Amino acid sequence: MKPYLILGLMILTACAPAIVQETIPPPAPTVPAASPTDLPAAETESATDVTNIFSALPAPSCSGVLTPSNAEGPYYTPNTPERTSLLEDGLRGERLILIGHVLNEDCKPIPDVWLDFWQADGDGEYDNAGFTLRGHQFTDQQGRYSLETVLPGLYSSRPIRHIHVKVQAPNGQVLTTQLYFPEQPVDNLTVQVQPKDGFQLALFDFVIE
Ligand code: FE
């Protein structure tokens, strides 16, 4: 590089304003921790009937330990669409079906519980402009929920696989938490995973007040 260019750069650098620490993180991580190139796109056709998938759900059993809260993080978007499948064309990641109950401290299923899920895709990317991989639903009369989605990828600032969720019983308080996976378990917040034909089945029962 020519000496006058170096001098120019030095002056520019010296005059640049100090970088202010952002309190709000950037809208989306651009450098996923996982390689984005070798992930298959999820099947967009739902091959699993929800009534059938519940046959894989064990009867609720719990110790009455409340599901702990966990950080909301910076990427929550309210007013999500109501849906139990987040799959759509071009979505990247391995297909995942998460099922479970929402129980009270006496291990009784709670119907009509609002659950609002949000997560990164298989490349660790959030959609912060739209509602990709975001959706809410309500437990059925047996306190069950099901979420058809993809396995969330890792992103640079959170190298741990997780799904965010808000849970609220009718007239109850909102529990904001995250679900984790067995490879990096977190106490009382880790799903059980069973490989199935063409997808991973994850099980998790919430216990709320
Ligand atoms: Fe996150």
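Please read all numbers here as calculations on a predicted model, not as lab measurements. (Residues numbered from 1 in each chain as written. Predicted model: local features only at pLDDT ≥ 70, side-chain atom pairs only at ≥ 80, totals over all residues. Heavy atoms only, no water.)

### Quick word on the sheet that holds strand β6 (residues 175–180)
Within a sheet, neighbouring strands are paired by backbone hydrogen bonds and run either parallel or antiparallel to one another. Taken in spatial order, the four strands of this open sheet run β3-β2-β5-β6, and their pairing is antiparallel. Each edge of the sheet is formed by a strand with only one pairing partner; in this case those strands are β3 (134–138) and β6. Between one strand axis and the next, the sheet turns through 25° on average, direction left out of account. (Pairing = 2+ DSSP bridges. Helix = DSSP H or I, 4+ residues; strand = E, 2+ residues; numbered from the N terminus. Axes fitted to C-alpha atoms, helices over the stretch in contact; angles between N-to-C directions.)

### Quick word on unusual backbone geometry
The bulk of non-glycine residues show a negative phi, and the bulk of peptide bonds are trans. Even without being a glycine, C107 presents a positive backbone phi close to 65°. In this structure, C107 sits in the loop between β1 (95–103) and β2 (114–118). At N188, a position not held by glycine, the phi torsion is positive, near 60°. In this structure, N188 sits in the loop between β6 and β7 (192–196).

### Some remarks on the environment of T177
Along the chain, T177 turns up in strand β6. As for T177 and L189, which are separated by twelve residues in sequence, their C-alpha atoms are 8.3 Å apart. In this view, T177 contacts T67, P68, S69, N70, I163, H164, V165, L189 and F206; residues no more than four positions away in its chain are not counted. Here P68 takes part through its backbone oxygen, which lies 2.8 Å from a polar atom of the side chain of T177. (Contact = heavy atoms within 4.5 Å. Polar contact = N/O pair within 3.5 Å; in protein donor to acceptor, adjacent residues only side chain to side chain.)

### A closer look at the packing of aromatic side chains
The description of an aromatic ring pair rests on the distance of the ring centres and on the angle between the ring planes. Scanning all chains against the criterion turns up seven aromatic pairs. Between Y145 and F206 the ring centres are 5.6 Å apart and the planes differ by 55°, which places this aromatic pair in the tilted class. With Y145 in strand β4 (residues 144–150) and F206 in strand β9 (residues 206–207), this residue pair connects regions lying 61 residues apart in the sequence. An angle of 75° between the planes, with centres 4.9 Å apart, marks the rings of F204 and F206 as edge-to-face. Taken together through their ring pairs, the aromatic side chains of F117, Y145, F204 and F206 make up a single cluster. (Phe/Tyr/Trp six-rings, centres within 6.5 Å; stacked < 30°, edge-to-face > 60°.)

### Side note on the state of the cysteines
Per the counting criterion, the structure on display carries one disulfide. Disulfide partner of C62: C107, at an S-S distance of 2.0 Å. An S-S torsion of about -110° defines the bridge between C62 and C107 as left-handed. Of this pair, C62 sits in the loop between α2 (50–53) and β1 while C107 sits in the loop between β1 and β2; the two residues are 45 residues apart in sequence, bridging distant segments of the chain. For C62, a relative accessible area of 25% translates into the label partly exposed. (Disulfide = S-S within 2.5 Å. Buried < 20%, exposed > 50% of the residue type's maximum accessible area, 1.4 Å probe, protein only.)

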